[in-house]
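Fold and geometry: a report
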Amino acid sequence: MSLQAPEFFTELCLPFHDHAIVGNTYYAAPVPGTPLRLRIDFTRTIHADTYGGLRVAVVHPDRGEIDAVALSFVDHGTFHRRDEANHTRPNTKQYGTFDTHHHPDRPPWDGAVTSGLRDAIEQYTAVWFPGAWAASAPKRAAGRTSRRTPPPPTAPAGARTR
């Protein structure tokens, strides 16, 4: 069965205008006019037809893969809500993964929350493609509530002052 990769990558809301999805792989040129490309694949697990995350790589057309990072669904909370609702226990085949065996009316990654993955991809691409995310991304709307960060203490906690 299909992984429905175009729909998954659409759900990620990646901001790169110059991109293509070939099979189950996302390719992008985050900075036009440079040779470096971004490639994102689904990572397999030890179980057949089961996927546990994404592999994000920077690729040069002549030198091949320059760098890569694996982003697991577990580490980024992608299926935390689904697994909690279904009482899926950690260290089982279904925990934090999806497989190609699913309900025909739903994508195999049904229940995924992709914001953690998106944030990780944004951080990774900021290293290799500085400014590309901001140049491509639409401005995010401000949240309903603003949060103030308290200022750091002037003296270390527990330190004596005279």
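Right above here is the structure, for reference.
Criteria and cut-off values
- Residues numbered from 1 in each chain as written.
- Predicted model: local features only at pLDDT ≥ 70, side-chain atom pairs only at ≥ 80, totals over all residues.
- Heavy atoms only, no water.
- Helix = DSSP H or I, 4+ residues; strand = E, 2+ residues; numbered from the N terminus.
- Expected span 1.5 Å × (residues − 1).
- Buried < 20%, exposed > 50% of the residue type's maximum accessible area, 1.4 Å probe, protein only.
- Salt bridge = Lys/Arg side-chain N within 4 Å of Asp/Glu carboxyl O.

Over its 14 residues, helix α3 (residues 115–128) runs 20 Å from end to end, which matches the ideal 20 Å to within 8%, given 1.5 Å per residue. Buried within α3 are the following residues: Gly116, Leu117, Arg118, Ala120, Ile121, Tyr124 and Thr125.

For the structure on display, the rule yields 4 salt bridges. A salt bridge links Glu65 to Arg39; its shortest N-O distance comes to 2.5 Å. Of this pair, Glu65 sits in strand β5 (residues 64–72) while Arg39 sits in strand β3 (residues 37–44), and the two are 26 residues apart along the sequence. Residue Glu65 is classed as partly exposed on the basis of its relative accessible area, which comes to 38%. Under the relative-accessibility criterion, Arg39 is labelled buried at 19%. Of the charged contacts, one joins Glu65 and Arg55 as a salt bridge, the two residues approaching to 2.7 Å between their closest N and O atoms. Here Glu65, found in strand β5, pairs with Arg55, found in strand β4 (residues 50–60); they are 10 residues apart in sequence, far enough to count as distant. The class for Arg55 is partly exposed, based on a relative accessible area of 30%. Counted as one network, the salt bridges with shared partners bring together Arg39, Asp41, Arg55 and Glu65.

Spatial relationships are all this shows, so hold off on functional conclusions.
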